[in-house]
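Fold and contact review
Okay, here's what each chain looks like letter by letter:
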Amino acid sequence: MSLAKARKGLKTEKKGGKVSPEQKILNQFLEAPKDKHKKKDKKFKFTQFDPEHADAAYNITVEFMEIANKNPENAIEKVIEYANKASETSDPELVRHALMMFVTHHPSARNKNLRIPPLIKRSPGATVPKKKNISLAPGPLVSTHSTEKIKETEDNPELYMNWYREDPNLNEHHEHWHIVYGSNGVPDVKDPKIRVHKDRHGELFVYMHRQMLARYDIERLGLGLSLIKPLDDYFAPIDEGYHPNENLVDAEDEDDPYSTFGSRKPGSKNRDYGKKDGPFTLKAMDANRKKVEEAVNCGKFYNGAEIDIDTLGAVLESYGKGDLIKYYGSLHAGGHLTIGHIIDDPGVMAQTRVAARDPVFWRWHRHIDNLVKTWEEKREPNDFSNSSPVKLQDVIFVFKDKLPIHHGETQDEEAAAFGEKTFGGKNFCTDVSKNDIVTNELETKMKTRKTDDELDDTALPIDTTPVDNNNDRFCDCGWPFHLLLPRGRKGGMKYKLLVFISDWSEDEVPTISRCGSISFCGAEGAADKYPDKKPMGYPLDRPFKNNSYKETFAGLNNAIIRDVCINWVDEFPEIVVEDSC
């Protein structure tokens, strides 16, 4: 789907969209006004990474689904009514998390076209500062013609990545993915007491976070910063400190002693979380890490079972309740919990909706990913000898404003017809490098947007006019539009673009429905198969031949590699088709 069509399809309140009664009461509950749902236990801080907290939220989700099943005519009203009641005895944030699980997965909500309000709407204090004096784009640390570092003006170079780490839509993506793929599984919508584990969940845990890491590394390179250093010594001081903006609020309850996120000073040491004999002591985590390392080095788990990417990902995330999870502990969650509770006032690492703001989030996930990489590097390169019978001639870029088309309802069809006429047919083998409208450069620009009124409409989907049995809005777990491309560099930064075509007739998995963002969202139904047989990340899921990407893809008709330059500019024309009425 084009960005223009995506924007056109979202009728937000700003664009005159109608908010259904069900959506309105959902918004009112999730937007958590501070005059209701006050916390009973002021020291309790819900975190999805704590297994006991996650279990409690899961159980309430089960109750929500049972209520909806018993009241099909007014399911949403009854569920919200119970959510308000549950908030009187349970932590309000725990209940809100359970309700978001319900809205994401239960057909009574999806068929009403309900959607979770954007993070900036339901928890504005946890997204953007209330003051407007924060610089989001300090500029590159390297010259435009070399990789030499320019003299740094800050003691902490990580500050130069704040604009990326603290992007509210990036953090909402991370939060929402962990709701779509809950670490406890998903209740079966017909019989909520049955726990369903989504297909290839463990593999997707690895793949999704790996894509986040790759994007973060690219942005670091654009600024001349080093690649992410793994946080693999649990007892050593943590070099990076993190002081959330003082306006960043975790709870709207003014009486909450921990209403702001805690800070971590540079050189702080990690500390145990929970019970002294529990899985989240540093000693226990270190022992579990060594068990995982032993397994990946020999290619087998302790019970003799061969390692596969899906099971390894599940072990690292602690997804499920089997013997493997019990034996290897909760490594991924343990890092979030111990680092997030270095001081009594929990830091951002303990919350999925803000964890990515902290530089140590990326270091911890680089460590987790490296455990997977150790196993992957022992595998043989992919065999492409039976490649798809197609011929890729070139990859052609043209700026939209240079196309001789009308930018309206039919722009996509007109652009396709122009491309076929100009570059297809008899012109297929023609050298296009000297064509005036063809470019090898992409352009990006920075925007300063600190309030919901300043964000693009695509970042603020509130509701569309309800359409029965339309579940398209379930698939909100894709990567944010405005972060699809790396920022690049002033004057341009060179990249390699790989286009690889595989045979969909071999890759396709029959499924009732799928999301537009297949790679991150997978299938809609909790019990449905992931809609692609190929390994996630294919064809880059295995080592290169002789550590060379050129040798790996050499001579393949179904693959092509091109040089692309991404230039960070001050301004460029935006062509967006808005609603005609």
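Residues numbered from 1 in each chain as written. Predicted model: local features only at pLDDT ≥ 70, side-chain atom pairs only at ≥ 80, totals over all residues. Heavy atoms only, no water.

1. Some thoughts on the overall build of the protein
Secondary structure summary: the protein contains 19 helices and seven strands in total. Within the span of the protein, comprising 581 residues, buried residues form 52% of the whole. The long-range fraction of contacts in the protein, counting pairs at least 24 apart against all pairs at least 6 apart in sequence, stands at 78%. Element-wise, carbon and sulfur atoms account for 51% of the exposed surface of the protein, whose accessible area totals about 28,000 Å². (Helix = DSSP H or I, 4+ residues; strand = E, 2+ residues; numbered from the N terminus. Buried < 20%, exposed > 50% of the residue type's maximum accessible area, 1.4 Å probe, protein only. Contact = heavy atoms within 4.5 Å. Areas by Shrake-Rupley, 256 points an atom, 1.4 Å probe, with all protein chains shown as cover.)

2. Some remarks on the UniProt feature "domain: Tyrosinase copper-binding" (unreviewed entry) in the protein
Mapped onto this numbering, the UniProt entry annotates "domain: Tyrosinase copper-binding" (unreviewed entry) at residues 358–369. Taken end to end, residues 358–369 is 92% helix and 0% strand, and its two terminal C-alpha atoms sit 17 Å from one another. (UniProt positions renumbered as here; feature names shortened; annotations may be inferred.)

3. Let's talk about the packing of helix H5 (residues 92–105) against helix H9 (residues 168–180)
Packing of H5 against H9 brings their axes to within 9 Å, and their N-to-C directions diverge by 70 degrees. Classified by the angle their axes make, H5 and H9 are roughly perpendicular. Seen from H5, the contacting residues are His-97, Met-100, Met-101, Thr-104 and His-105; seen from H9, they are Glu-175, His-176, Ile-179 and Val-180. Of the residues assigned to the contact of H5 with H9, the class counts are four nonpolar, four polar and one charged. (Axes fitted to C-alpha atoms, helices over the stretch in contact; angles between N-to-C directions. Parallel < 35°, antiparallel > 145°, perpendicular 65-115°, else oblique. Nonpolar A, V, L, I, M, F, W, Y, C, P; charged D, E, K, R; others polar.)

4. What about the side chain of His-97?
Considering the arrangement of structural elements, one finds His-97 in helix H5. Residues within four places of His-97 in sequence aside, it is in contact with Phe-46, Gln-48, Ala-57 and Ile-179.

5. Focus: the sheet that holds strand E5 (residues 441–444)
A sheet is described by the order of its strands in space; here three strands give the open sequence E5-E7-E6, paired in mixed fashion. Strands with a single pairing partner mark the edges of an open sheet, and in this sheet they are E5 and strand E6 (493–500). The sheet shows a mean angle of 35 degrees between the axes of neighbouring strands, direction not considered. Taken together, the four bridges between E5 and strand E7 (residues 559–568) define a ladder with parallel strand orientation. In the strand pairing of E7, Thr-444 is matched with Trp-568. (Pairing = 2+ DSSP bridges.)

6. Describing the environment of Pro-510
Within the secondary structure, Pro-510 is located in the loop between helix H17 (504–507) and helix H18 (518–521). Between the alpha carbons of Pro-510 and Asp-532 there is a distance of 9.0 Å; along the sequence they are 22 residues apart.

7. Quick look at the packing of helix H10 (residues 201–222) against helix H12 (residues 309–317)
Packing of H10 against H12 brings their axes to within 6 Å, and their N-to-C directions diverge by 75 degrees. Viewed along their axes, H10 and H12 adopt a mutual orientation that is roughly perpendicular. Where H10 approaches H12, its residues His-201, Gly-202, Glu-203, Phe-205 and Val-206 are matched on the opposing element by Ile-309, Asp-310, Gly-313, Ala-314, Leu-316 and Glu-317. In the contact of H10 with H12, the residues fall into five nonpolar, three polar and three charged.

8. Some points on the packing of aromatic side chains
Centre-to-centre distance and the angle between the planes together describe a pair of aromatic rings. A full pass over the atoms with the stated rule returns 22 aromatic pairs. Taken together, a centroid distance of 4.0 Å and an interplanar angle of 20 degrees make the contact between Tyr-302 and Tyr-327 stacked. Residue Tyr-302 is located in the loop between helix H11 (282–298) and H12, and its partner Tyr-327 is located in helix H13 (residues 323–328); the two are separated by 25 residues in the primary sequence. By relative accessible area, Tyr-302 is classed as partly exposed at 41%. With a centroid separation of 6.4 Å and an interplanar angle of 90 degrees, the aromatic rings of Phe-418 and Phe-423 are classed as edge-to-face. One exposure class covers both Phe-418 and Phe-423, and it is buried. (Phe/Tyr/Trp six-rings, centres within 6.5 Å; stacked < 30°, edge-to-face > 60°.)

9. Describing unusual backbone geometry
Of note, the amide linkage connecting Tyr-538 to Pro-539 takes the cis form, showing an omega dihedral of 10 degrees. Residue position: Pro-539 is located in the loop between H18 and helix H19 (549–553). One non-glycine residue, Asn-113, lies in positive phi territory at about 65 degrees. Looking at the secondary structure, you find Asn-113 in the loop between helix H6 (107–110) and helix H7 (119–122). A positive phi is found at Arg-200, a non-glycine position, where the angle reads about 60 degrees. The topology assignment puts Arg-200 in the loop between strand E2 (195–196) and H10.

10. Considerations on the pattern of salt bridges
Oppositely charged side chains can pair when the atoms bearing their charge come close. A full pass over the atoms with the stated rule returns 28 salt bridges. Note that Arg-165 and Glu-158 form a salt bridge whose closest N and O atoms lie 4.0 Å from each other. According to the relative accessible area criterion, Arg-165 is buried, its value standing at 1%. In this structure Glu-158 comes out as buried when scored by relative accessible area, which is 10%. In this structure, Arg-210 engages Glu-376 in a salt bridge whose closest nitrogen and oxygen atoms are separated by 3.0 Å. Residue Arg-210 is found in helix H10, and its partner Glu-376 is found in helix H15 (residues 359–376); the two are separated by 166 residues along the sequence. (Salt bridge = Lys/Arg side-chain N within 4 Å of Asp/Glu carboxyl O.)

11. Quick word on H12
Burial analysis of H12 places seven of its nine residues in the buried class, which makes it a mostly covered element. Taken as a whole, H12 has its buried residues at Ile-309, Leu-312, Gly-313, Ala-314, Val-315, Leu-316 and Glu-317. Residues of H12 that are buried make contact with H9, H10, H11, H13, helix H14 (331–340) and H15. For H12, the N-terminal capping position is held by Asp-308, with its side-chain oxygen 3.1 Å away from the main-chain nitrogen of Asp-310. Just beyond H12, the residue with positive phi is Ser-318, at close to 65 degrees. (Polar contact = N/O pair within 3.5 Å; in protein donor to acceptor, adjacent residues only side chain to side chain.)

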